[in-house]
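# Overview (structure and organization)
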Amino acid sequence: MILHTYFARRFASTFLMVLGIFLGVLLLIDLVDQVRRFAGDGVPFAALVGLTLLSVPQTLYTILPLITIIATLTLFLKLARTSELVVSRASGRSAIKALYGPVSVMLLIGVGAVAGYNPIVAAASARYERLSDRLQGIPAPTLSVGGEGVWLRQSDGVNGRTMIAAEGLGRGGTELRQATFYRFDASGTARARITAATATLADGEWTLHDVKRWDFTLPNPEAQARRFDEWHVPSGLSADYIADSFEDPDEIPIWELPGFIADMKAAGFSPQRHLVYFHSELASPLMLTAMMLVGAGFTMRHTRFGRTGSMVLAALATGFGLFFLRDFAQILGENGQISPILAAWGPPVASLCLPLGLILHWEDG
């Protein structure tokens, strides 16, 4: 138990050291990128620092597998040079048992990253996108999905804007059920309210059916409300634009993703991309553990066997290959070629089997 604790403590300290180095480098690189991006826009330096602090957590979260494999290579190369692994083997412990401590630490780090760090990253990423868009003059998102229904926003040019609420959507966002249109002028004053049983988007306009319209410019809007079988509202929206307006899954905290996926299903949209991301996040601790085992499998041999440099390169190449395999499987899952569960859990499980087989072959015969 003492030896397991020693290896676990060594791995934790090495991981934190590598994490700190990457954090410092990323802060400098991202700050330079923000300065270059907003050069000439008159953005204060303090705002650029704030954008950097909001952007770096996402980048750090993305490269956690790289940090893991580098920390593992650093640790086990040190243990091999100091012959501590040889002593461990001489005491009767196999190579697999020597990994109990580091694997436990890696699993704890992975679970903590998903359960605790993921919501922080999501909040920081969403805040960064809003601030960045505001500084660049980009309008707010067009679509919002929640338990109360769906909200759409469209610009009417110099005439103002229209807010649209609907209980549900269909046909990829081009058909609304139980829709309400709120029309505002350029100054933000409400001008009219229109309700419809259904609304269909085609040829640059909404076609509303079973319509009731209230004109707020009249003295008594309710008494003077009118009904129509059909009404047309011009629109610059399209089905592709509406679908692309959903929040990116990495901007939604992991704890809120199941509810968001349920809301998307109720609204009539396919939650495939968000479902794949959700399962991929749940499988992240296994993927990080696999990366740690890859690094260990190539560097647990004693340095007297030589070829240390080639082993390190092989470990990095294998790690990048597994990372690419995971991304490729996620793309297939998002496109519906394979199931979300297979796309998310298949690569981590396969990645675990590869280094375990390698360790058993090289270290334990």
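A brief look at the structure comes next. (Residues numbered from 1 in each chain as written. Predicted model: local features only at pLDDT ≥ 70, side-chain atom pairs only at ≥ 80, totals over all residues. Heavy atoms only, no water.)

## Here's the deal with the side chain of Thr-195
The criterion, for reference: In DSSP terms, a helix is any run of H or I states spanning at least four residues, a strand is any run of E spanning at least two, and both are numbered starting from the N terminus. Residue burial is assigned from relative accessible area. The probe radius is 1.4 Å, only protein chains are included, and a residue is buried under 20% of its type maximum, exposed over 50%, and partly exposed in between. Contacts are assigned to residue pairs that have any heavy atoms within 4.5 Å of one another.
Of note, Thr-195 is situated in strand E5 (residues 190-202). By relative accessible area, Thr-195 is classed as buried at 18%. When residues no more than four places from it in sequence are discounted, the contact partners of Thr-195 are Ala-179, Thr-180, Asp-210, Val-211, Lys-212 and Trp-214.

## Quick word on the pattern of salt bridges
Just so we agree on the cut-off: Just to be clear on terms, a salt bridge is a Lys or Arg side-chain nitrogen sitting within 4 Å of an Asp or Glu carboxyl oxygen.
All chains considered together, the criterion is met by 4 salt bridges. Among the ionic pairs, Asp-185 bridges to Arg-191, the shortest N-O distance being 3.9 Å. Classification of Asp-185 by relative accessible area gives buried; the value is 19%. A salt bridge links Asp-215 to Arg-213, with the nearest nitrogen and oxygen atoms 3.8 Å apart. Given the relative accessible area of 16%, Arg-213 is considered buried.

## Focus on the nonpolar core
Generally speaking, nonpolar side chains in soluble globular proteins are found buried as a group. Put simply, the rule is: Residues belong to a common nonpolar core when they are buried Ala, Val, Leu, Ile, Met, Phe, Trp, Tyr or Cys residues joined through side-chain atoms within 4.5 Å.
By size, the foremost hydrophobic cluster in this structure holds 59 residues, and its most contacted members are Phe-76, Leu-99, Leu-176, Phe-181, Trp-206 and Leu-208. Ranked by size, the runner-up nonpolar core spans 11 residues in total, among them Leu-73, Met-287, Met-291 and Val-312.

## Quick word on the pairing of strand E4 (residues 175-184)
The test is simple: At least two DSSP bridges between two strands are needed for those strands to be called paired.
Of the pairings in the sheet, the one linking strand E3 (residues 161-170) to E4 comprises 9 bridges and is antiparallel in character. If you follow Ala-165 over to E4, its bridge partner there is Thr-180. One ladder, built from 9 bridges, connects E4 with E5; its direction is antiparallel. Opposite Glu-175, over in E5, you have Thr-200 as the bridge partner.

## Overview of helix H11 (residues 308-334)
The test is simple: A helix is expected to reach a length of 1.5 Å times the quantity of its residues less one.
Between the first and last C-alpha of H11 there are 39 Å, a value that for 27 residues agrees with the 39 Å anticipated at 1.5 Å per step. Residues of H11 that are buried include every one of Met-311, Val-312, Ala-315, Thr-318, Gly-319, Leu-322, Arg-326, Ala-329, Gln-330 and Gly-333, and no others. Remark: Gly-336 follows H11 within two positions and exhibits a positive phi of approximately 80°.

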